[in-house]
Every structure is written in structure tokens, then in C-alpha cells.
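Here is what each chain is made of, one letter per residue.
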Amino acid sequence: MLFFKRELSPIERFEVALKEKLSARQKLADRLSVTEAELAEKRAAAEQLAVAGANNSRLDRAEASMRTVEDRAKTLRAELVEVDDQVASAERALADAKAQRDRDALADQIEAMATAIERAAPGFEAGATSLVEAVTTSTLSIPEATRFSSSIDAVRSEVRAATDLICWELRSAAVRTRAGNANLASIALAEAGQTASAEIDRQLIYTLHPLRWREGEEVRKAPAFALVGLPKALLAVALQHQHVDHLNARRVQTLMHLHGSAGQNGEPQDDDPQLVDLDALLAEEQPSAQADVA
């Protein structure tokens, strides 16, 4: 019967190498300890001979014996320093291998999430299509049903674009995670949700410029090139002045590939010359709209 030896994983190989280095170091340290004990004996013997006034011949032999042991001890100390460096290098290699294993495991989970989203998307697409067809294939024309169909169709388009975006973001995050240059705190697109109060009606949108707006007593900011949940009350004016755009817009797809969706340069500062105050912009628009009505 043939037995095949299992191939060791990188971590197991580094563990074996480290174990061998530690074993070699221990043997070397033991040899050095014995040699230093012998050296101490040789020095004590030479000292006794010198104090006792031994002849030159005996002193020469004692010194020669002592120097031989001293040279051996010096060689062993140098070898021990070298082995210590090798042990430290093996420990770093093992730590790096374990860190890479953890990064790979996390990256696999991120990629699995992207795959799961892609697999679930057709089901949503099919359901949305069925809802739209339930209205469009009917011989009746009812305004409420038509508005419902249009809303579903718009949501379907937005979800399709959002699905493409999040899958691209997740796979990019997985690549960065494997390479060890990912900021894991930013993998979850927390800023996209804005985690705002439920009573504010929002729409997920992509910013083209840094924005600022007020929600009650709180001032919110969003950097350029970020996914944000913008209050719908501000959406029209932001779109009109091209400070934001929909996720399925062609230019947004390009910008997301160039800059991602986490925002550029972090939260904008109040003195940023490009910062757009949406509340002020909306206030400027309202008087002109009232004048047109008058």
C-alpha cells in the first residue's frame, strides 16, 4: 500500500522551520553554556597557577588551553547571535503567513458576499419585471397603476446599477484585503446608508461635489465621489445643478471605477471652496419659483 505524504501548508512549513531553528538554538546555547563553564574552570586554574608561582612552561600551557576554550566560546557566541537572527526572521515569516491566512479568509467571505448578491439579483429582476408586466400588458389604463409601474421600473434600474456597484466594491475590497492594504473599517459602506432617522425620505445617490445640508440640529456633510442617502427634499435641486447623479448614469459608472464610492479626501471642511450648501441652494431656488408662479 502506498502512502502519500500530505503537502504542508505555508503556515505549517514556517512552523516546522521555526521549530527547527529553536531546536538548533537550544543545542547551541547548551554547548555555549558548557564551554563557558569550562572556560571559567580554565581561568580559575590559570589564576591558581599564577598565584602559586608555577613555572613558565605550566603557565604557557594553562594560557594556551584557556585561549582555545575562549576562541571556542567566542565562535559559539557569534553562531548564537546568527541563529537568534534566523529565529526572529522565522517568527516574522510565521506571523506574516498567519496574517495572510486571515486576510485570505476575510477576502473569501467578501467575495462570497458579492457572489451571493449576484445570484440573488436575477430573482429581484424577475419579480420587478413581473410587476411591471402586470400593468403594461393590461388593456386598461389606470393612472395609479401606471405610476406604480413607472416607480417599479425606476427602482429596478437603480437596483441593477447598485448591484453592479456593490459587487465591484466588494471584489475591489477583497483584492485590497488580500494584498494587506485594505482599511477594514471602510469595507462596509456605512456612509452610503447615512444611518439617519427613519422619518426622512431618502434616495441613494452619487455625489459629484462635496455637499453640506442640515437635518434638524445636525449638519451633515458628504465628500465628492461618494454614495449618500440624500433627503429627497434636496434631491431635485442637487440634480438640477449637477452636484449629484443617479447610480445608473454612465458618468457615475466611470467615476466609481476611478474613485470608488467612499468619497475623496474624507469629510469636507467648512472652508472648502468647492463645498456646496444644498439648503442655501434650495433657498435661492424657492423665491424664483414663487416669482414665476406670481
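Residues numbered from 1 in each chain as written. Predicted model: local features only at pLDDT ≥ 70, side-chain atom pairs only at ≥ 80, totals over all residues. Heavy atoms only, no water.

As a further point, take unusual backbone geometry. For phenylalanine 225, which is not glycine, the phi dihedral falls at a positive 65°. Topologically, phenylalanine 225 is positioned in the loop between strand S3 (218–222) and strand S4 (227–231). According to the relative accessible area criterion, phenylalanine 225 is buried, its value standing at 13%. A positive phi angle, close to 60°, is found at glutamine 242, a residue other than glycine. Residue class for glutamine 242 comes out partly exposed when judged on its relative accessible area of 44%. (Helix = DSSP H or I, 4+ residues; strand = E, 2+ residues; numbered from the N terminus. Buried < 20%, exposed > 50% of the residue type's maximum accessible area, 1.4 Å probe, protein only.)

Next up on the list: the sheet that holds strand S5 (residues 244–245). The strands making up a sheet are joined through hydrogen bonds of the backbone, oriented either antiparallel or parallel. Pairing is antiparallel across the open sheet formed by three strands, whose spatial order is S4-S1-S5. At either end of the open sheet lies a strand with only one pairing partner, and these are S4 and S5. Taken together, the five bridges between strand S1 (residues 202–207) and S4 define a ladder with antiparallel strand orientation. Across the sheet, residue leucine 204 finds its bridge partner in S4, namely glycine 229. Strand contacts of helix H5 (residues 232–240): S1, S4 and S5, with the helix running at about 110° to S4, the strand carrying the most contacts. (Pairing = 2+ DSSP bridges. Contact = heavy atoms within 4.5 Å. Axes fitted to C-alpha atoms, helices over the stretch in contact; angles between N-to-C directions.)

Reading across the sheet, the three strands line up as S3-S2-S6 and stay open at both edges, with mixed pairing between neighbours. The sheet is open, and its two borders are formed by S3 and strand S6 (276–277), each paired with just one other strand. Two elements, strand S2 (residues 211–215) and S3, share five bridges in a ladder whose sense is antiparallel. Residue pairing across strands places tryptophan 213 opposite arginine 220, the latter belonging to S3.

Another aspect to go through is the nonpolar core. Among the nonpolar cores identified, the biggest contains 15 residues, and Ile205, Leu211, Trp213, Val228, Leu230, Val244 and Leu278 are the most heavily contacted of them. Here this core gets four residues from one element, more than from any other, and that element is H5. In this view, leucine 230 contacts Asp201, Arg202, Gln203, Ile205, Trp213, Leu235, Ala238, Val244 and Leu278; residues no more than four positions away in its chain are not counted. (Core = buried A, V, L, I, M, F, W, Y, C linked by side-chain atoms within 4.5 Å.)

Looking now at the environment of alanine 88. Position of alanine 88 among the secondary structure elements: in helix H2 (residues 56–136). Expressed as a C-alpha distance, the spacing of alanine 88 and lysine 21, which sit 67 residues apart in the sequence, is 9.5 Å.

Taking burial as the measure, the six residues of S1 include five buried ones, the bulk of the element. Two strands pair when backbone bridges link them, and S1 and S5 are joined in this way by two bridges, in the antiparallel orientation. Note on S5: the bridge partner recorded for tyrosine 206 is aspartate 245.

Remark: H2 packs on helix H3 (residues 143–179), axes separated minimally by 9 Å, with the N-to-C direction vectors making an angle of 170°. The orientation of H2 with respect to H3, classified from their angle, is roughly antiparallel. Per-class residue counts for the contact of H2 with H3 are 22 nonpolar, eight polar and eleven charged. (Parallel < 35°, antiparallel > 145°, perpendicular 65-115°, else oblique. Nonpolar A, V, L, I, M, F, W, Y, C, P; charged D, E, K, R; others polar.)

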